[in-house]
Amino acid sequence: TWWLDERRDYYKSTQAAIWYMTDLYKIFGSWYLVAASYNMGEARVKKLIEHYHTNNFWTLADMGLLSDETKNYVPKVLAAMLIAKAPGLYGFRDIEYHLPESFEYFHIPGGTDLEKLAAHLGVSPKHLKELNPELIHGYVPRGVADHLIRIPKGSMLAVSDFVKMRMPSREN
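Residues numbered from 1 in each chain as written. Predicted model: local features only at pLDDT ≥ 70, side-chain atom pairs only at ≥ 80, totals over all residues. Heavy atoms only, no water.

(A) Geometry of the pattern of salt bridges. With the rule as written, the count across this model stands at eight salt bridges. For the salt bridge of Glu 6 with Lys 12, the shortest nitrogen-to-oxygen distance reads 2.6 Å. For Lys 12, a relative accessible area of 37% corresponds to the partly exposed category. Here Asp 68 makes a salt bridge to Lys 71, at a shortest N to O gap of 3.5 Å. Within this pair, Asp 68 and its partner Lys 71 are both found in helix H5 (residues 68-85), separated by three residues, close to a single helical turn. It is possible to trace a salt-bridge network through shared partners that takes in Asp 5, Arg 7 and Arg 8. (Salt bridge = Lys/Arg side-chain N within 4 Å of Asp/Glu carboxyl O. Buried < 20%, exposed > 50% of the residue type's maximum accessible area, 1.4 Å probe, protein only. Helix = DSSP H or I, 4+ residues; strand = E, 2+ residues; numbered from the N terminus.)

What follows is the structure in C-alpha cells.
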C-alpha cells in the first residue's frame, strides 16, 4: 500500500525468495534453471523447455533463446557464490565483517509514529526506520490493528510503556 510495502522488509522478502526458489527447484530440478526463471519468469522458462525439448540451461543459452540479461545473470550468481565461499582466492582481503543488527520484535498498534517512538527510546528515528523499512512513511497505518516491528534489543519494556501511554482508555 501507500503506507506499507513488505517487499522492503529484508527478512520477509528473503524468506519469500527462498520459498519461491524452493518451489522453482521442485519444478525444474536445476539450480541454473531456478536462477534463470527467477530472473525471467517461470512461465517463459517452461515454454522454452517444452518448445526446444531441453532442460539444460547452458543449451538454451547457447541456442540464443535467453535474453542477455538472463544469460549473464546465472553466471553472475555462480560467481557471487564462489566469491562468498572463498573471498581471498578472488582478491577480497581485509574484509571488515559486521555482526547482524541486534533487535527484538514487538506488536505495535496502528497509528504509531516511529519518530515519536524513537524519541521515547532515545534512539535516532533513522535507526528505527532502518530496522523497519517496510513502513514507507515512518509509521504504522491507522487502519492496521497491529504490526510486528523490530525494536532495539533491550527496549521491550520501554516500547510497552510507550504503547500504554498512547492507547486510549477502554473504560466507560
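(B) Focus on the pairing of strand E2 (residues 146-152). Counting buried positions along E2 yields five of seven residues, so the element is predominantly enclosed. Bridging between strand E1 (residues 103-109) and E2 involves seven bridges; their strand directions are antiparallel. From the neighbouring strand, Phe 106 faces E2, where its bridge partner is Ile 149. (Pairing = 2+ DSSP bridges.)

(C) Representation of the nonpolar core within the structure. Grouped together as the largest cluster of nonpolar side chains are 17 residues, with contacts concentrated most on Ile 108, Leu 117, Ile 149 and Val 159. The set of elements that each furnish at least two residues to this core consists of E1, helix H6 (114-121), helix H7 (125-131), E2 and helix H8 (156-166). With four residues, H6 is the largest single contributor of residues to this core. In contact with Leu 117, not counting residues within four places along its chain, are Ile 108, Leu 128, Ile 149, Val 159 and Phe 162. Counting residues in each nonpolar core, the second largest holds 15 residues, with Leu 33, Leu 60, Ala 61 and Val 74 among its members. (Core = buried A, V, L, I, M, F, W, Y, C linked by side-chain atoms within 4.5 Å. Contact = heavy atoms within 4.5 Å.)

(D) Region of interest: the packing of H6 against H8. Close contact between H6 and H8 brings their axes to 10 Å; oriented N to C, the two are set at 125°. Compared by their axis directions, H6 and H8 come out oblique. Crossing angle aside, the handedness with which H6 passes H8 is right-handed. Residues Lys 116, Leu 117, His 120 and Leu 121 of H6 form the contact with H8, whose participating residues are Ala 158, Val 159, Asp 161, Phe 162, Met 165 and Arg 166. Looking at the contact of H6 with H8 residue by residue, the class counts come to six nonpolar, one polar and three charged. (Axes fitted to C-alpha atoms, helices over the stretch in contact; angles between N-to-C directions. Parallel < 35°, antiparallel > 145°, perpendicular 65-115°, else oblique. Left-handed = near helix turned anticlockwise from the far one by under 90°. Nonpolar A, V, L, I, M, F, W, Y, C, P; charged D, E, K, R; others polar.)

(E) Highlighting the packing of aromatic side chains. According to the stated counting rule, one finds nine aromatic pairs in the structure shown. With a centroid separation of 4.8 Å and an interplanar angle of 80°, the aromatic rings of Phe 57 and Trp 58 are classed as edge-to-face. A relative accessible area of 36% places Trp 58 in the partly exposed class. Judged by centre distance (5.4 Å) and plane angle (85°), the ring pair of Phe 103 and Tyr 105 falls under edge-to-face. Connected via pairs of aromatic rings, a cluster forms that spans Tyr 10, Tyr 11, Phe 103 and Tyr 105. Positioned over the ring face of Tyr 10 is Arg 150, at 5.0 Å from the centre of the ring. Across the ring face of Phe 103, the terminal group of Arg 150 is positioned such that the distance to the ring centre comes to 5.5 Å. (Phe/Tyr/Trp six-rings, centres within 6.5 Å; stacked < 30°, edge-to-face > 60°. Lys NZ or Arg CZ within 6 Å of the ring centre and 35° of its normal.)

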